[in-house]
Structures are given as C-alpha cells and as structure tokens.
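Structure at a glance
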Amino acid sequence: MTEQIPTDHTEQLPPGLQLEKVDDRIMTLNVGPQHPGSGHMRIIVKIDGDYIVDADPDPGYVHRGEEKMAEVRNYLLNIPHLERPVIHDSCNILYPYVLGVEDIVGIEVPERAKYVRVIAAELNRCVYIQYWLAIYGIFLGHSTMFMWPAGDRELMIDLLEKMTGARVTHSYFIPGGVRNDIPANFEDVCLRQVNYFEKRIKEYADIFYDNPILKARTEDTGVLSSQDAIRLGTTGSVLRASGIDYDVRVKEPYDVYEELDVHTNVLKDGDSYARSKIPWLDMFESCNIIRQALEKMPKSGSVRTKLRPNPKGVGNNEVYKRVESGRGAAGMHIISNGKPEPYRVKISPGSFRNLIALPYLLKGEKLGNMPAVYWSLNYWPVEADR
Amino acid sequence: MSSTDSQTNTSKEDNKESSPKPAAEKPAPPKPAAEKPAPPKPEEALPAFEKELTDRIVNQFADDVEVGYVKENRTRINVKKEKILDVAKFIKDQTPFDHAESVSGVDFPEDKEIEVVYHLGSYTDNRYSKQILALSTRAPREEIPNPGNDSTKLPSLRDVFYSVEFHERECFEMFGVYFDGHPDNRRLLLPEDWADIPPLRKDFRNKGR
Amino acid sequence: MLKELVTPQNANVFVGKLGDILYKAIDKPLGMAINWGRMWSLWPVHIETACCSVEFGAASSPRYDVERFGIIEAFGSLRQCDLVVVQGTITRKMAPRLRLVYDQMPDPKYVIAMGACAITGGLYFDSYNVLPGIDGILPVDVYVPGCPPRPETLIQGCMLLQEKIKRMKAR
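Here the structure is a predicted model, which means the values were calculated and not measured.

Because the α-helix completes a turn every 3.6 residues, residues three or four places apart line up on one side. Residue and element names in this part refer to chain A. In this model, helix 3 (residues 90–105) (16 residues) spans 22 Å end to end at C-alpha, consistent with the 22 Å of a helix rising 1.5 Å per residue. By the criterion of burial, helix 3 is predominantly enclosed, with 16 of the 16 residues buried. Downstream of helix 3 by a residue or two, Gly106 has a phi angle that is positive, lying close to 80 degrees.

Looking now at the sheet that holds strand 3 (residues 51–58) of chain A. Residues and elements named next belong to chain A. Pairing is antiparallel in the open sheet, where three strands are placed in the order 1-2-3. The sheet is open, and its two edges are formed by strand 1 (27–31) and strand 3, each paired on a single side. The sheet shows a mean angle of 20 degrees between the axes of neighbouring strands, taken without regard to direction. Of the strand pairs in this sheet, strand 2 (residues 42–48) and strand 3 are connected by seven bridges, and their pairing is antiparallel. Bridge pairing in strand 3 places Ile47 opposite Ile52.

With 210 residues, the main nonpolar core has Leu135 and Val177 of chain B together with Val86, Ile112, Ala113 and Met114 of chain C as its most contacted residues. With 20 residues, helix 4 (residues 111–139) of chain A is the single largest residue contributor to this core. Discounting chain neighbours no more than four positions away, the residues touching Ala113 of chain C are Val86, Ala118, Ile119, Ile134, Val140, Tyr143 and Val144 of chain C.

Take the pairing of strand 5 (residues 132–140) of chain B next. Residue and element names in this part refer to chain B. Burial analysis of strand 5 places seven of its nine residues in the buried class, the great majority of the element. Sheet topology note: the strand 2 (residues 74–79)/strand 5 ladder contains six bridges and is parallel. By the bridge assignment, Arg74 is partnered in strand 5 with Ile132. As judged from the eight bridges shared by strand 4 (residues 113–121) and strand 5, these two strands associate in the antiparallel manner. In the strand pairing of strand 5, Glu115 is matched with Arg138.

Each domain of chain C was delimited in the assignment, giving domain 1 (11–38) and domain 2 (42–166). Taken over C-alpha atoms, the centre of domain 1 of chain C sits 32 Å from the centre of domain 2 of chain C.

Cut-offs and rules
Residues numbered from 1 in each chain as written. Chains lettered and ligands numbered in written order. Predicted model: local features only at pLDDT ≥ 70, side-chain atom pairs only at ≥ 80, totals over all residues. Helix = DSSP H or I, 4+ residues; strand = E, 2+ residues; numbered from the N terminus. Expected span 1.5 Å × (residues − 1). Buried ≥ 20, exposed ≤ 12 C-beta atoms within 10 Å, placed from the backbone. Pairing = 2+ DSSP bridges. Axes fitted to C-alpha atoms, helices over the stretch in contact; angles between N-to-C directions. Core = buried A, V, L, I, M, F, W, Y, C linked by C-beta atoms within 7 Å. Contact = placed C-beta atoms within 7 Å. Domains from an automatic or database assignment.

Right, here's the structure in full:
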C-alpha cells in the first residue's frame with residue numbers, strides 16, 4: 001500500500017495523512033462517484049496494465065449523520081429516518097431498532113403482530129433482492145436481467161403497499177407491534193401473488209444463472225475462502241457463499257422465526273457466481289417462510305400494544321439486537337439513560353461489514369471484472385454510509 | 001439445540017407468565033442491566049452458560065477486568081485500556097469468538113472518558129453462535145480535541161480481530177479516538193475538508209438543536 | 001436613400017439590425033424545431049446521490065417505463081447528457097462532485113431536484129453533513145417532491161420539464 005517517504009516534513013503531517021510514492025508503471029484510477037459501475041461510492045483502484053494491484057474504497061458520499069440525529073429525537077420519531085438507509089429493505093433495517101426499543105421500554109408484542117412482522121420482513125427481503133439482482137444485471141451488461149426483476153419486484157411492492165400504504169418507505173414496525181392491521185382477505189391475495197412470484201423467479205435460472213457468458217465472467221473471480229470470510233467478519237450472502245452456515249434467523253431466532261422452518265442456503269465456492277446465487281436462493285426461502293407464516297398466523301387479534309406517549313427507557317440500559325437483513329446481519333447497539341431520547345444508537349449494517357472484503361477481493365483481478373465482484377458483495381452504499 | 005437453550009427459553013416464559021399486565025404498569029424490564037458496575041446480582045438470576053464464559057475471563061485477568069452485565073446471550077466485560085490487547089488475544093485464542101460485529105464509541109463528557117465497545121461474535125462454534133460478547137474499554141477525553149495528537153488513544157485490535165479495521169477508522173473520525181497500531185488511520189465517511197470537532201461527541205451540536 | 005442611411009460608421013449597426021430582423025423571422029419555427037428535438041431526447045446522467053435512486057430505477061422498469069415519454073435510462077458518459085436528476089440527499093462530500101459533473105456537461109442542460117432532501121434537506125434538515133437543498137449549487141428547473149417520490153411523480157416532473165423546454169427560447 002502507501003509507503004511513507006522518509007523526509008523531515010512527513011513528521012509534521014497529521015497522522016491521517018501520508019505521502020505516496022509515485023510509480024510509473026502503476027496508474028491510479030478513480031471509479032465513481034459518478035460511474036455506472038460504482039453506485040454511490042468511489043473506489044480508488046491502482047492498475048498495472050489491466051490488473052488491479054490495489055483497491056481503496058472511499059465511502060461516505062451519502063453519510064447523513066443518522067446516529068447523531070437519533071440522539072436528539074425520541075424513540076418514536078427515530079423510526080422514519082432510521083429506515084431511510086435502505087428504503088427498499090426498510091422493514092429489515094428497522095427491525096433491530098424496534099426489538100431493542102421494546103427491550104428498553106419494556107413492552108410485550110401481541111402474537112399476531114409478530115407474524116405480520118415476519119411476513120412484512122420477508123416480502124421486503126424479496127423486494128430488496130430483486131432490486132439488487134436488477135442492478136447486477138445492468139452491471140454485467142445484461143439488460144433483460146434488469147427488466148425482469150424490476151418488473152416482478154412490483155408484485156411484492158403491491159403487497160407491501162396493501163399492508164402499509166407506502167411503496168417503499170413503510171415505517172410499518174413500531175415498538176409494540178406494527179402500525180396497522182393487514183387488510184381483509186390479504187391472506188388469499190398474498191398467497192396467490194407469492195406463488196406466482198415463485199414461478200417467475202424460477203425462470204431466472206434459464207436466462208441468468210445458466211448463462212455461459214455470466215458464468216465466464218463471475219466464476220472463479222473474487223474468490224473468498226471460508227477462513228478469510230470469518231477473519232474479515234463478513235456476513236449474509238457473502239459468508240454463506242463461502243461455505244459458512246450462519247443465518248441469524250436460524251442461529252438466534254427473533255420474534256416467531258423459532259416456530260417456522262427456515263432453511264439456510266450455503267454454497268462452497270466463494271466466488272462471485274456463488275455470491276450472486278445465494279440471494280436468489282434466499283428468495284425461494286422467503287416465499288416458504290411467508291406461506292408458513294400465513295398458515296400459522298392467528299386469524300384475529302390485536303397487532304399493537306399501545307405505548308405511553310413519549311416513552312422513556314427504564315434506567316440505564318443497553319441492548320445489542322441483530323436480525324438477518326437482505327445484506328446480512330444488521331445490528332443495533334442502543335444505549336438509554338432514562339430519557340425519552342436514546343443516549344447513543346450505533347447501527348452496524350451488513351453492507352458496512354462486507355465493505356472490508358472489497359479491497360481484499362479486488363487484488364489481482366482484471367479491471368473489467370470489478371463491477372462483477374463489487375456488486376456481488378451485496379453492498380448498498382447508502383446503508384454503509386448511514 | 002443444547003441444554004442451555006432450553007434453560008434460557010424456560011426463563012423467558014417464566015417472565016411472561018409473571019407479568020401479564022399491560023406495558024404501562026409494568027414495574028421494570030425483566031433484566032435491568034447496568035451501564036456502570038452493578039451490585040452483584042443473585043446467582044440464580046444469571047444464565048449459566050454466559051456466567052461460565054465471563055468467569056473464564058475474570059479468572060485469567062483478576063483485577064484488570066470487571067463484568068459489566070450477564071444477560072441471556074449477551075455479556076459485557078469492561079477492561080482497562082492497558083490490558084485490552086491482552087484480553088482480546090486471550091478471547092481470540094481461548095474462546096470461539098472470531099470476529100467483531102460492530103465497534104461503537106460512546107462519549108461520556110461527565111466522566112471525561114470515551115468508551116469503545118467491541119461486539120464480538122462467533123461463526124465457528126455452534127454453541128456460541130447466539131452469543132455476543134461486548135468488550136469495552138475507555139480512553140481519556142480532552143475538552144478541546146486534536147484527533148491523533150492528544151491523549152485520546154487506544155491500542156488497536158486490528159491485528160487480533162482483522163474485521164475491526166473499518167470500524168476503528170470510523171470511530172477515529174467520529175470520536176477522535178486514535179488507534180495505535182492501526183495501519184490506516186484515515187478519514188472514512190466524513191468529507192475531506194471536515195475541520196470541526198468529531199461529530200458524534202456530545203458537545204457537537206446539530207444546527208438548531 | 002440607402003446610401004445616406006448606411007455610412008461606414010454605422011454599417012455594422014445596420015447589419016446587426018438586419019440580423020435581428022432575420023433572426024426574429026425564423027426564430028419561431030427554428031426554435032420550435034430545436035426545442036422539439038431536445039424535449040423528446042432527454043438523457044439523464046448516471047449520478048446517484050442517495051436513496052431516491054431506487055425509485056429512479058423503478059421508473060425505468062417495465063411497469064412505469066419512462067422511455068415512452070422520451071427520457072432515456074441513466075447513462076454513464078456525462079458528455080452526452082443534458083439532464084441531471086438529483087436523486088435525493090446531497091451531502092457535503094458529494095456537493096463538489098455534483099457541481100463538477102454539472103460543469104462538465106455541454107449546454108443546454110436541465111436539472112430536476114428529486115425528493116424532499118434535494119429540495120430542502122427534508123428529513124435531514126438538522127444533520128451536520130447534509131446540504132439544505134441543492135439551490136445553492138445548481139439552478140433547478142423542476143422540483144419533484146416526495147420522500148421518495150413515486151415513479152409516477154418523477155415521470156410527471158419530467159413531463160413538466162418537457163413542457164418548460166417547449167416554451168424556452170432556443171439558443
């Protein structure tokens with residue numbers, strides 16, 4: 001990486017800054033933030049010919065200071081802005097916050113609300129993965145793969161719109177349950193749409209996953225071994241593509257996941273192809289979970305325990321809650337000091353944890369393979385920046 | 001599922017049965033935890049598996065560590081900053097915790113300290129897969145921060161838990177805690193021309209707040 | 001008579017006047033033709049700034065399909081683009097880059113501010129790293145409110161821009 005030049009004035013530099021040695025062979029290339037293959041972030045790659053020698057991700061273009069804002073708003077006012085990092089997976093990113101606040105404030109959730117939450121979270125996971133898949137298609141120059149998931153995604157958005165009233169930013173989960181009950185005969189509509197959705201996503205295998213061009217571009221690129229996956233602390237689909245069987249829904253079940261049969265998809269290869277396949281397999285699993293939850297859900301009952309206005313934490317309390325979001329384990333560390341506002345909220349999303357693998361995977365790859373490796377990390381820059 | 005799981009489950013149900021009242025009248029949460037070292041709780045209230053885990057660490061580093069809390073699946077250990085590297089190495093070598101999930105800094109202006117909490121998890125051992133060990137340490141805090149050049153410094157755990165690299169970089173810019181031994185203490189999220197104090201300190205105010 | 005009017009001193013003034021008259025005579029049909037060409041081939045530059053890009057993507061999906069209104073999907077090379085859709089929050093780190101992108105684009109160029117954050121800062125009005133709207137750095141043509149705006153709203157905003165281009169003076 002960067003080496004310090006041993007001159008006197010380097011000692012006066014602040015510790016964050018280093019002077020770089022210039023090498024004639026190595027070219028530095030900025031990819032992003034205005035680039036179709038980078039999203040909202042910049043990747044500074046050093047290339048030798050066509051091969052990447054070094055990559056340095058530079059996130060923070062969407063850093064909006066959510067954690068600071070959370071300290072001046074009360075527990076309920078925090079809900080809308082804490083879901084904005086991933087608006088197309090808003091239920092899942094809000095889930096750990098809501099679970100944590102329930103612990104801090106000390107309220108119970110009705111049984112039916114737990115099932116409604118699981119259904120909303122799984123529908124939202126499908127919405128997220130479909131968008132991710134659509135962008136992966138664009139990154140690889142496969143326009144049909146943008147159109148198909150982007151169109152099928154609307155099926156799930158329709159269902160969520162029926163439940164919550166909003167297309168993407170639902171603000172549906174609140175401490176104590178969900179905001180409103182699901183509409184009448186939602187179960188039938190949901191079951192029908194989910195079955196049709198499952199039929200649709202099966203066809204992606206023909207056009208995308210069995211496509212020889214896609215296989216040539218993604219197989220054996222960006223290989224992450226299982227030891228490195230653990231060492232780098234990756235999570236979600238990146239971890240499971242490297243052969244580690246870890247899913248928070250199974251290992252530390254929250255709400256009613258304990259009563260549902262959740263199967264974890266694991267692949268051994270650890271290359272970009274495996275990482276792109278795991279989320280697709282997860283969608284089938286989500287459909288299974290939704291069907292089970294619809295069957296087991298109590299047909300009537302309350303979906304919400306009423307909160308006191310302006311709820312306060314009880315004394316000094318500290319919780320760390322995590323759930324499995326579309327990108328991996330999303331953790332939230334909430335500290336309360338008995339005031340209506342949290343003392344500190346730390347969001348540790350899956351994207352930020354997977355970012356560390358990017359420079360590691362890009363080293364030695366061809367520059368043309370960079371989008372294929374980068375987006376296979378299941379990375380959403382807005383969430384990582386918070 | 002191991003025997004500990006069934007144990008914790010039953011304790012959860014007991015709590016539910018004992019307090020079926022509405023939330024507003026609920027006297028206290030089932031497990032009141034402590035930010036500061038709490039008085040020792042009665043033995044039977046502590047989950048056995050987690051208790052055994054903290055005991056191993058406390059036995060090794062008698063006075064340098066103290067147990068923050070022992071809850072179901074969550075334990076916390078406060079360490080002096082001189083010993084944090086040794087404790088982390090011990091945890092890495094002797095227990096199945098192998099990666100850090102998050103590193104959160106917490107500012108305490110009254111104590112003139114900044115706390116850094118490492119949340120450690122385990123992928124390799126199935127019994128530990130639901131455990132999160134919070135390892136916390138405190139660095140002195142200065143009224144007028146000068147990130148990197150003042151006394152707010154901690155040893156970096158990057159050589160022990162590789163996954164803390166970006167988290168520590170974030171902690172450096174947000175709280176001004178310089179991590180000694182970190183190879184790459186640069187800005188991560190904030191703009192390059194950020195000249196104010198680190199934004200997540202309590203004396204930094206958002207506009208209009 | 002003409003000889004008296006046109007002297008070497010005022011010849012260039014006279015020619016300029018003649019040019020004005022000529023320009024006025026053909027301005028209307030020519031300008032209409034130019035504007036017609038511009039309004040049906042808007043090329044948005046591919047710059048994502050925040051979470052509204054999800055709905056921007058959805059607008060080019062099969063259900064909403066902005067291409068039928070003459071707006072092409074986001075395009076990579078900004079030298080060929082003439083529209084910036086500012087998709088949400090502009091942070092202090094992104095603002096210089098956004099201005100740089102705008103400056104490099106050839107004239108004429110149009111700006112759509114999409115979402116509450118791009119208009120006023122929205123939900124992040126008190127955040128330390130967010131600009132309170134993009135008016136300070138870019139001249140905005142159309143504001144599309146919403147958090148995030150639905151794809152229909154974005155399409156309506158684009159059509160408003162087309163309407164505006166139609167009535168603009170072509171240069």
